[in-house]
Amino acid sequence: MKILVVGATGTIGKAVVAKLEKEHTVITASRKNADVTLDMTSVASIQKMYEEIGKIDALAVAAGSAYFGPLETMTPEENKQSIDGKLAGQMNLVLLGLNHLNDGGSFTLITGIMMDDPIKQGASAAMVNGGIRAFVKSAAIEMPRSIRINSVSPNVVQESWDKFADFFVGFNPVPVEKVAQAFVKSILGGQTGQNYEVY
Ligand SMILES: NC(=O)c1ccc[n+]([C@@H]2O[C@H](COP(=O)([O-])OP(=O)(O)OC[C@H]3O[C@@H](n4cnc5c(N)ncnc54)[C@H](OP(=O)(O)O)[C@@H]3O)[C@@H](O)[C@H]2O)c1
């Protein structure tokens, strides 16, 4: 299978690539240090990337940034950072990628535990996670040519705990390998419209 991994150089992306690269052709994408350069917040950049790589069997996204901050002081501009960084970017990768996916191919997007288990300062990020889950569930029933679409919703991963521990008080982080395994299930399995919770 020819599999495009967006965010392949990140904590989760690296684990996804490690699971797949032995048996599949993996193309890595991110803003730097990857096979193809991509800024998923830019429609032009997404189009250019798809033209560059040709047809693929699967797209896996392990990228997307969202705004963390107190609700009381959150501005519309700050909230828009989440919409542009995690919601629209992933949706555009699907919308513009449909014609580049082979029959029976798959999309796997990323959400996150905060939409189900709220944390302080997490409303904007939770909103985009929920948006991706709803998009996936709904888009699945309209996918042409037996193309499937799922999302993976990780808990905080152990490998990111130092960075996020102050936000996720009382959470039990999970190994990133478990998150990568959910991507494998989505890409190589038969399910569609699912959100795989790795909590
Ligand atoms: N880590 C966790 O505990 C955790 C838990 C739940 C959900 N998540 C979600 O999982 C996703 C990945 O998290 P992570 O911790 O693995 O992130 P990370 O370590 O910061 O890695 C992010 C990856 O995405 C790439 N990237 C960032 N912005 C991009 C853009 N605009 N266009 C294309 N590529 C871009 C980065 O490379 P460049 O900088 O070179 O572009 C890098 O490869 C995020 O959506 C995050 O919300 C993470």
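For the structure, check the block above.
Heads up: these notes are all about the structure in this document. The model shown is predicted, which means the values in this text are computed figures rather than measured ones.

Thresholds, definitions, all that
Residues numbered from 1 in each chain as written. Predicted model: local features only at pLDDT ≥ 70, side-chain atom pairs only at ≥ 80, totals over all residues. Heavy atoms only, no water. Helix = DSSP H or I, 4+ residues; strand = E, 2+ residues; numbered from the N terminus. Polar contact = N/O pair within 3.5 Å; in protein donor to acceptor, adjacent residues only side chain to side chain. Contact = heavy atoms within 4.5 Å. Buried < 20%, exposed > 50% of the residue type's maximum accessible area, 1.4 Å probe, protein only. Pairing = 2+ DSSP bridges. Salt bridge = Lys/Arg side-chain N within 4 Å of Asp/Glu carboxyl O. Right-handed = clockwise from strand over helix to strand, strands pointing away. Near = heavy atom within 4 Å. Areas by Shrake-Rupley, 256 points an atom, 1.4 Å probe, with all protein chains shown as cover. Nonpolar A, V, L, I, M, F, W, Y, C, P; charged D, E, K, R; others polar.

A look at the side chain of Ser 82
Then, in step 1: In this fold, Ser 82 is placed in helix H3 (residues 76-95).
Then, in step 2: Among the polar contacts made by the side chain of Ser 82, one reaches the main-chain amide nitrogen of Tyr 67 at a distance of 2.7 Å.
Then, in step 3: Dropping the residues within four chain positions of it, Ser 82 is found in contact with Ser 65, Ala 66, Tyr 67, Leu 87, Ser 124, Ala 125 and Val 128.

What about the pairing of strand E6 (residues 148-154)?
Then, in step 1: Counting buried positions along E6 gives seven out of seven residues, so the element sits mostly inside the fold.
Then, in step 2: The alternating pattern of E6 places Arg 148, Asn 150, Val 152 and Pro 154 and Ile 149, Ser 151 and Ser 153 on opposite faces, both of which are buried.
Then, in step 3: In this structure, strand E5 (residues 101-110) lies alongside E6, joined through five bridges in parallel fashion. Residue pairing for E6: Thr 108 is matched across the bridge by Asn 150.
Then, in step 4: As paired elements, E6 and strand E7 (residues 195-198) share four bridges and run parallel to each other. Counterpart to Val 152 in the pairing with E7 is Tyr 196.

Regarding the pattern of salt bridges
Then, in step 1: On inspection of all chains with the given rule, the structure shows five salt bridges.
Then, in step 2: Residue Lys 48 pairs with Glu 52 through a salt bridge whose shortest N-O separation is 3.7 Å. Taken together, the residues span about one helical turn, with Lys 48 and Glu 52 both in helix H2 (residues 43-53) at a distance of four residues.
Then, in step 3: Taking the relative accessible area as the measure of exposure, Glu 52 reaches 48% and is therefore partly exposed.
Then, in step 4: Between Asp 116 and Arg 133 there is a salt bridge, with its nearest N and O atoms 3.1 Å apart. Taken together, the residues span a long stretch of sequence, with Asp 116 in the loop between E5 and helix H4 (123-139) and Arg 133 in helix H4 at a distance of 17 residues.
Then, in step 5: Arg 133 sits in the partly exposed class, given a relative accessible area of 27%.

Considerations on the pairing of E5
Then, in step 1: Of all 10 residues making up E5, seven are buried, and the element is well covered by its neighbours.
Then, in step 2: Where strand E4 (residues 56-61) lies against E5, four bridges are found, and the strand directions are parallel. Across the sheet, the residue bridging to Ile 56 is Leu 101, located in E5.
Then, in step 3: One crossover worth recording links E4 to the parallel E5 by way of H3, and it is right-handed.

Let's talk about the site of the ligand
Then, in step 1: What surrounds the ligand is a group of 23 residues, the closest being Thr 9, Arg 31, Met 40, Gly 64 and Val 157.
Then, in step 2: Backbone polar atom of Gly 64 to an oxygen atom of the ligand: 2.8 Å apart, as the coordinates give it.
Then, in step 3: Starting from 890 Å² of accessible surface for the ligand in isolation, the protein chains cover 82%.
Then, in step 4: Class assignment for the residues of the shell around the ligand results in 10 nonpolar, nine polar and four charged.

Overview of unusual backbone geometry
Then, in step 1: Positive phi, normally seen in glycine, also occurs at Asn 33, with a value near 60°.
Then, in step 2: Mapped onto the elements of the fold, Asn 33 is located in the loop between strand E2 (25-30) and strand E3 (36-37).
Then, in step 3: Overall, the relative accessible area of 69% leaves Asn 33 in the exposed class.
Then, in step 4: The backbone phi angle of Ser 146 is positive, close to 60°, even though this residue is not glycine.
Then, in step 5: Tracing the backbone through its elements, the reader meets Ser 146 in the loop between H4 and E6.
Then, in step 6: Judged by relative accessible area, which is 59%, Ser 146 ranks as exposed.

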